[in-house]
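Now for the letters of each chain:
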Amino acid sequence: MDKLFNPIKVGAFDLKHRVVLAPMTRLRTIQPGDIPSPMMADFYGQRASLGGLEIIEAASISVHARSYLGAASLYHDGQHEGWKAIADAIHARGGVAILQLIHGGRQSHVEMTGGLDPVAPSVVPFEGVALTKDGFVPASPHRALAIEEIADIVEDFRVAAVRAKKAGFDGVELHGANGYLVDQFIQDGTNQRTDAYGGSLEKRVRFMREALEALISVYGADRVGVRISPSGEWGGISDSNPEATFSYVAQVLDSYGIAYLHVIEPRIKGDDTLHEGHPTVAVNYLRPHFSGPIIAAGGFDRESAISVVESGNADLVAFGRHFSSNPDLPLRLKHDLPLTPYVRAAFWGGSEQNYSDFPTYAEQQAVAARSEDEADVDAV
Ligand SMILES: Cc1cc2nc3c(=O)[nH]c(=O)nc-3n(C[C@H](O)[C@H](O)[C@H](O)COP(=O)(O)O)c2cc1C
């Protein structure tokens, strides 16, 4: 049996296999108020498997942290029932539910932040986007955070974790990837501060540490993971020496004994094409720096997932797009069954169609058998 389908202990969780649902923002909350919708509970419940790990789409920790209209968030009591329904749907099928927590930082627009300027470690020219009622629009000009404001954001992370726990989530993941606020502090292309939060590598990582400590204070380290994207370019992010930066980040994270390190590989671009000249590298150089489980994500298929886990450089593999259209993806991968193609047009917003209506393999077979029966009857 390939190791990908073997059990593994990840922090507090005894998982039965290593195929993980990657977090995917699908912009299907109910407006106003970003209320998690019943179709979201259906979607996540369908993708749950006994002892399987699901990482739920990024939830903004405050109004100021929001980036995309329709995206998940977790900062007011009116959202509680919707989140609880999602955690319950996953638990009903024996799955483990982790909620990703995000602050979008400069990737935002005044319409999404309650009229406030988006914030970042430093003011650096940025041509990113946010999503408002007018569709994708250029991000609003951002301002640099005053040092006194940082503790308030850390506190927002803590309070969001308290809400996640109350809703029944088994743990939380700090979104330190894809050019959002934590990543903006880590990487030197976006962090040009000269105070306690910038300058040296140690200082650039301080915000991540504080946000992480806030989450750990609620859940304990064995129920908290962190996601990073050492070679990502989304959000105009860059670093002068990603390998040194993220090796250090991995060492720091290791010192906390967190449940897992989640690493996005640089293998795909937003339009599904492969990144030329970017092999799967990050987990290779990060492995010596992190002693706990590593989840690799980004452009994996059955063969490359089996291979990265066999290599020992990663212990689990998270799938995004394939999981979107195959609710029973772990089973399909295990038995090498054909995959239903994903529908990119339904990724960001929409109805249940091409979201929570994808059949399992067994359902597809049942439909095929029924139409064969009908053809037989017609032939009589
Ligand atoms: C529709 C969509 C939404 C996404 N939203 C998030 C998100 O909320 N948080 C995150 O860390 N990554 C997000 N990602 C990135 C995925 O988690 C994953 O890393 C990426 O899709 C590559 O994996 P794949 O090749 O298996 O799809 C998103 C990707 C897609 C396609």
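Being a predicted model, the structure only gives us computed values, none of them experimental.

Undergrad: Sorry, what's going on with the nonpolar core here?
TA: Most often, soluble globular proteins have nonpolar side chains that are buried together. Ranked by size, the top nonpolar core spans 103 residues in total, and within it L215, V263, I295 and V317 carry the most contacts. Tallying contributions element by element places helix α6 (residues 206–219) first for this core, with 8 residues. Excluding its chain neighbours within four sequence positions, the residues that come into contact with V263 are I228, P230, A282, V283, L286, I294, I295, A296 and A297.

Undergrad: Got a minute to help me understand the site of the ligand in this structure?
TA: In the region of the ligand, 22 residues are neighbours, and A22, T25, A58, G320 and R321 sit closest. Secondary-structure elements contributing two or more residues to the shell around the ligand are β4 (53–60) and α10 (321–325). In terms of residue class, the shell around the ligand is built from 11 nonpolar, 8 polar and 3 charged.

Undergrad: Quick question: what am I supposed to make of the environment of L253 here?
TA: Note that L253 resides in helix α7 (residues 242–256). Overall, the presence of 28 C-beta atoms within 10 Å leaves L253 in the buried class. For the pair L253 and Q365, spaced 112 residues apart in sequence, the C-alpha separation works out to 45 Å. With residues up to four places along the chain from it excluded, the contact list for L253 reads V226, I258, L261 and F290.

Undergrad: Just to check I follow, could you spell out the pairing of strand β13 (residues 294–297) for this structure?
TA: Within a regular strand, side chains alternate between the sheet's two faces. The alternating pattern of β13 places I294 and A296 and I295 and A297 on opposite faces, both of which are buried. In the sheet, strand β12 (residues 260–264) pairs with β13 via 4 bridges, with the strands oriented parallel. Bridge assignment links V263 to a residue of β13, and that residue is A296. The pairing of β13 with strand β14 (residues 316–319) spans 3 bridges and is parallel. When the bridges of β14 are listed, A297 appears paired with A318. One crossover worth recording links β13 to the parallel β14 by way of helix α9 (residues 302–311), and it is right-handed.

Undergrad: Even after reading the chapter, I still don't get the pairing of strand β10 (residues 171–175), so can you show me in this structure?
TA: Of all the 5 residues making up β10, 5 are buried; the element is thus mostly covered by neighbouring parts of the structure. Here β10 shows a buried face lined by G171, E173 and H175 and a second buried face lined by V172 and L174. By the bridge criterion, 4 bridges tie strand β5 (residues 96–102) to β10 in an arrangement that is parallel. Residue L99 lies in a different strand from β10, and its bridge partner there is V172. Bridge analysis of β10 against strand β11 (residues 224–228) gives 4 bridges, and the strand direction is parallel. Paired with L174 across the strands is V226, a residue of β11.

How each quantity is defined
- Residues numbered from 1 in each chain as written.
- Predicted model: local features only at pLDDT ≥ 70, side-chain atom pairs only at ≥ 80, totals over all residues.
- Core = buried A, V, L, I, M, F, W, Y, C linked by C-beta atoms within 7 Å.
- Buried ≥ 20, exposed ≤ 12 C-beta atoms within 10 Å, placed from the backbone.
- Helix = DSSP H or I, 4+ residues; strand = E, 2+ residues; numbered from the N terminus.
- Contact = placed C-beta atoms within 7 Å.
- Near = placed C-beta within 6 Å.
- Nonpolar A, V, L, I, M, F, W, Y, C, P; charged D, E, K, R; others polar.
- Pairing = 2+ DSSP bridges.
- Right-handed = clockwise from strand over helix to strand, strands pointing away.

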